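# A closer look at the structure
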Amino acid sequence: QVQLVESGGGLVQAGGSLRLSCAASGTIFGFNAMGWYRQAPGKQRELVAVISSGGSTNYADFVKGRFTISRDNAKNTVYLQMNSLKPEDTAVYYCNTPSRSGISTSWGQGTQVTVSS
């Protein structure tokens, strides 16, 4: 079974930075694309950024230029560097492979990011 453990969230003021980490186990990490998602209360989960097995990246328009996704296949870890944070970035952040994102049991607990104004 795949296990995903997110960490690095916290409380930060607007304009600040955080670096999120996602450690994966139970799978061959380097074979899969990995994405960061977020969900705010009362809202749908949305894709924030994705990185392919080959390292190519794509970002949602609302984070482009502020967030950077990266991966270290040797450590089975994907990262999300978040700069210039805004209050609207407040959400629980999750990692997952897009191919499993439709499976409800595939999600971990996420990590809470709260940005104050």
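The structure contained in this document is the topic of the report that follows. (Residues numbered from 1 in each chain as written. Predicted model: local features only at pLDDT ≥ 70, side-chain atom pairs only at ≥ 80, totals over all residues. Heavy atoms only, no water.)

## Let's talk about the overall build of the chain
- The number of helices and strands found in the chain is zero helices and 10 strands.
- A compact globule built from 117 residues should have a C-alpha radius of gyration of about 13 Å, and the chain, at 13 Å, falls within 12% of that.
- For the chain, the spread of C-alpha atoms along the principal axes amounts to about 40 × 25 × 20 Å.
- Each of the 117 residues in the chain was classed as buried or not, and the buried ones make up 38%.
- Excluding contacts between residues fewer than 6 apart, the proportion of contacts in the chain whose partners are at least 24 apart in sequence is 54%. (Helix = DSSP H or I, 4+ residues; strand = E, 2+ residues; numbered from the N terminus. Rg over C-alpha atoms; globule rule 2.2 N^0.38 Å. Buried < 20%, exposed > 50% of the residue type's maximum accessible area, 1.4 Å probe, protein only. Contact = heavy atoms within 4.5 Å.)

## Thoughts on the environment of Asn76
- With respect to the element layout, Asn76 can be found in the loop between strand 7 (67–72) and strand 8 (77–82).
- Look past the residues within four positions of Asn76 in its chain and what remains in contact with it is Cys22, Ala23, Ala24, Thr27 and Phe29.

## So, the sheet that holds strand 8
- Read from one edge of the open sheet, four strands run 1-3-8-7, paired in antiparallel fashion. If you trace the sheet from one side to the other, it starts and ends with strand 1 (3–7) and strand 7, each paired once. Sheet twist, expressed as the average angle between the axes of neighbouring strands with direction ignored, equals 15°.
- Strand direction decides the pairing type here: strand 3 (residues 18–25) and strand 8, joined by six bridges, are antiparallel. Bridging across to strand 8, Ser21 finds its partner in Tyr79. (Pairing = 2+ DSSP bridges. Axes fitted to C-alpha atoms, helices over the stretch in contact; angles between N-to-C directions.)

## Focus on the state of the cysteines
- As enumerated under the stated definition, the model contains one disulfide in all.
- Each sulfur of the disulfide joining Cys22 and Cys95 lies 1.7 Å from the other. Disulfide Cys22 to Cys95: torsion about the S-S bond roughly 55°, handedness right-handed. Taken as a pair, Cys22 in strand 3 and Cys95 in strand 9 (residues 91–96) lie far apart in primary sequence, 73 residues in all.
- Judged by its relative accessible area of 0%, Cys22 is buried.
- Here Cys95 falls in the buried class, since its relative accessible area comes to 0%. (Disulfide = S-S within 2.5 Å.)

## Considering the packing of aromatic side chains
- Enumeration according to the criterion identifies two aromatic pairs in this entry.
- Ring centres 5.0 Å apart and planes at 85° place the aromatic pair Tyr37 and Trp107 in the edge-to-face group. Of this pair, Tyr37 sits in strand 4 (residues 34–39) while Trp107 sits in the loop between strand 9 and strand 10 (111–116), placing them 70 residues apart in sequence. Both residues of the pair, Tyr37 and Trp107, belong to the buried class.
- Between Tyr94 and Trp107, the aromatic rings sit 5.8 Å apart at their centres with planes inclined by 80°, giving edge-to-face as the arrangement. Taken as a pair, Tyr94 in strand 9 and Trp107 in the loop between strand 9 and strand 10 lie far apart in primary sequence, 13 residues in all. Residue Tyr94 shares its accessibility class with Trp107, and that shared class is buried. (Phe/Tyr/Trp six-rings, centres within 6.5 Å; stacked < 30°, edge-to-face > 60°.)

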